[in-house]
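Here are the chains, one letter per residue:
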Amino acid sequence: MHDTFDKTVQDRKETSAGLMQYSAENLVPFGPIHPALKEPEYFKLILEGERIVDVIPRIGYVHRGLEKAAEQRPWIQNIYMFERTCGICSFAHSTAYVQAVEGLLLYKLPERAKFIRLVVAELERIHSHLLWIGLMGHWAGFETLFMWVWKDREIVLDIVEAIAGNRIHKSLATIEGVKRDIPEPLIPGFIERLKYITTRVHYYRNVVDTESTLLIRTEGIGKISADRLEQLCAVGPLVRAAGIPRDVRRDDPYAAYNDVPMDLVTKSGVDIHTLMQQRLDEVVVSVNMIIYALEHMPPGPVKLRVPPVVPKGENASHVEAPRGELFYFVKSNGGRMPERVKVRTPTLANLPSALEMLKGHTLADVPVVLTGIDPCFGCMDRLSFLDRDSQKLWRWSGEELRQYGIHHYFPERKK
Amino acid sequence: MILTILQALILPGIAFTITLGFIFEWLERKTMARMMGRVGPMVAGPAGVLQPLADFVKLLYKEEVMPSFADKTVFRYAPGLFFLAPLVSMLFVPVIGPSAVASFSLDLLLIVFILAYATFVVAVLSYASASSFTTVASGRLVLQYVSYEIPLVISIVTPALLVGSLSIQEIVQAQSSRWNLLLMPFSFAVYIVALLAELEKPPFDIPSAKTEIVAGWLTEFSGRALAFLKLSKELGLVFGASLAVALFLGGPLGPVPQSIVPVEIFYTTYFLVKLFALGLLIFVVRTALARLKIIDAAVLFWKILLPLSLAQAFFVLVVKG
């Protein structure tokens, strides 16, 4: 483990040294404001003619200070704040945070709440994957696919709205339970609509496999080997498409994933085309899991009453968000607010692989390949201090950071 | 003389073409929207048919912004030059009868020249905007142009080879008994594909790929210039489809019964029916496809469509004897 890290640092150093030889005219800036990026992020593309030979990322344009803000809010309020980390996989974030807190509380989560968490998490996966398929169509200039897929995605959002009352930020997970029950009379309607989604997904699978203009844009684009993905610590559909069977839902089951049968979808070899197949197939698996869970839902309460204080200790939790493994770390000093919360989103884990996938392709492939990992730059930005030359890492307290800010903007003031 | 001027200004001429341009834009937006599961324009006029006109008028009111680094003269006047191209070309296409408003023995060559001229104006226009997006768009446009031009011209000239004349009017009149389409389906197909490339419609919207280079060469334009440039693109579609109708589908010709109704009504109706059928074909194709990369477009034109159009021209020569 340590060797790999050292090697990566060594690689990075060599790359930095190697970059000196590139002249300025080979360097094409991509972002931070660019029509192909919905969120600000900056990539320096080193081109040889039209071909990309290297990519240097510069992340951190949308750092929001979430982790710091969490230290100043009660445990319950944090659920709603962390839900807003991501606009797409909001339930994955609240589930991961809530699970980390539940690990410190040592109650027994009600069975029915587990099933409801699974149902909503899988609905969210369907909606996220369909959104991504539509975006791939959009970047490849296939507006019709975009419109059709997003129209079918509305069905999922309607189901989520019927369950949670909201379409995107569900506000459903809470500590030791979920806030709302799924009403029994609605379940047959849900199952019917989910089955319709399966037929639509089979149709899109056919489109993705046979539409020739789409195949030209996706087949063989963004190739990367399974070994390289392992080295770069990629997660989620990206590694599964490479043939590595890795999924938190199966490896470390949370919610009701132990009680619901699940087929793990894998493909052999990553390119954009197999990534599209992978995500569409995962949607079918998710639909089957939801239908099984809805039909086998145990009766009982959905929520326990818990005190607002969490005992001293620290705990980590991870869930399989639509984009991959999402990791939360929570530390409590026994008070009404957490002492430290750490979030690691799947985009940060997948970004190095995306940079690797870009190499060797042309400028026109950049939007397609970058979208290939389903990036969510807004979720991933965290802050740490690193001196690139001396490879030194350090931390600042809030007061030191404030002083630095004052000094930066008003250099004439005394420190 | 006065009749010719009236014709040039109103019926098969400028007013008619511009009206058709607006109707085509509405038809395109409506067809696309219906195919994509949307409703499309529906507020201005019945079924939103006046929406393109409303958008045009709205753009006329907008402030015009000129980039400080742009070539001022070209930036200001080139949109007008581009607007002229389809309007002038339309005068050579017979619409209300077997003969066109303007015609001379080599007008097909003039049309080919005007097609090149329009692309040239756009290339200069986008270079004059001097922004990075328009510069990339200009490069892509020229690269696309050298790919599609030769197949396009060969497929235009093939009907002329059969008829033995370089006048559009004579080519139309020679089709009174049999459409050229029946003898040269591949030329027709190549013409339609090349027309999609000429008009920058998907799968060839490479010079205006909005996810890569914003609005392509239109990026820096606003206000009146943008209104007229967008209208010119629609007029280009009207003219391209009209030329296809004239060269391959017999133009306005068709069975004309004896009646008190003027024959021009029949001819115009036939022409419009063919034109809208062709327009619908183009809109359906454009909705159903994804964007190609510039390299794939070049490969398609040079390796597949160029040999195909040459083979069709050779076949026509053999048939003609």
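Residues numbered from 1 in each chain as written. Chains lettered and ligands numbered in written order. Predicted model: local features only at pLDDT ≥ 70, side-chain atom pairs only at ≥ 80, totals over all residues. Heavy atoms only, no water.

1. Examining the domain arrangement of chain A
All names here are of chain A.
Here comes step 1: For chain A, the assigned domains read domain 1 (7-58 + 348-413) and domain 2 (66-222 + 250-264 + 272-344).
Here comes step 2: When each unit is reduced to the centre of its C-alpha atoms, the spacing between domain 1 and domain 2 is 29 Å.
Here comes step 3: Taken together, the contacts link 22 residues of domain 1 with 20 residues of domain 2.
Here comes step 4: Surface buried jointly by domain 1 and domain 2 totals about 1900 Å² across both partners, of which 60% is contributed by carbon and sulfur atoms.
Here comes step 5: For domain 1, the biggest contributors to the area lost against domain 2 are Val368, Asp374 and Arg382; these three give 34% of the whole.
Here comes step 6: Counting every contact that joins domain 1 to domain 2 gives 1 salt bridge.
Here comes step 7: Connecting domain 1 to domain 2 are 5 residue pairs in polar contact (both at pLDDT 80 or more).
Here comes step 8: Counting residues per element, the side of domain 1 that touches domain 2 draws most heavily on helix α14 (residues 366-372), which supplies 5 residues.
Here comes step 9: Residues of the side of domain 1 that touches domain 2, tallied by class, amount to 13 nonpolar, 4 polar and 5 charged. (Domains from an automatic or database assignment. Contact = heavy atoms within 4.5 Å. Buried area = accessible area lost by both parts, 1.4 Å probe. Salt bridge = Lys/Arg side-chain N within 4 Å of Asp/Glu carboxyl O. Polar contact = N/O pair within 3.5 Å; in protein donor to acceptor, adjacent residues only side chain to side chain. Helix = DSSP H or I, 4+ residues; strand = E, 2+ residues; numbered from the N terminus. Nonpolar A, V, L, I, M, F, W, Y, C, P; charged D, E, K, R; others polar.)

2. With respect to the interface of chain A and chain B
Here comes step 1: Between chain A and chain B, the contact holds 23 residues from the first and 19 residues from the second.
Here comes step 2: Summed over both sides, the interface of chain A with chain B buries roughly 1800 Å², with 59% coming from carbon and sulfur.
Here comes step 3: Inspection of the chain A/chain B interface yields 1 salt bridge.
Here comes step 4: Note that lysine 293 of chain B is salt-bridged to aspartate 365 of chain A, the shortest N-O span being 3.0 Å.
Here comes step 5: Counting across the chain A and chain B interface gives 7 residue pairs in polar contact (both at pLDDT 80 or more).

3. Some remarks on the packing of helix α3 (residues 51-61) of chain B against helix α11 (residues 223-248) of chain B
All names here are of chain B.
Here comes step 1: Two elements in contact, α3 and α11, have axes whose closest approach is 6 Å; the angle formed by their N-to-C orientations is 155 degrees. When the interaxial angle is binned, α3 and α11 end up roughly antiparallel. Pair α3 / α11 crosses with left-handed handedness. Seen from α3, the contacting residues are Phe56, Leu59 and Leu60; seen from α11, they are Gly223, Arg224, Leu226, Ala227, Phe228, Lys230 and Leu231.
Here comes step 2: Counted by class, the contact of α3 with α11 contains 7 nonpolar, 1 polar and 2 charged residues. (Axes fitted to C-alpha atoms, helices over the stretch in contact; angles between N-to-C directions. Parallel < 35°, antiparallel > 145°, perpendicular 65-115°, else oblique. Left-handed = near helix turned anticlockwise from the far one by under 90°.)

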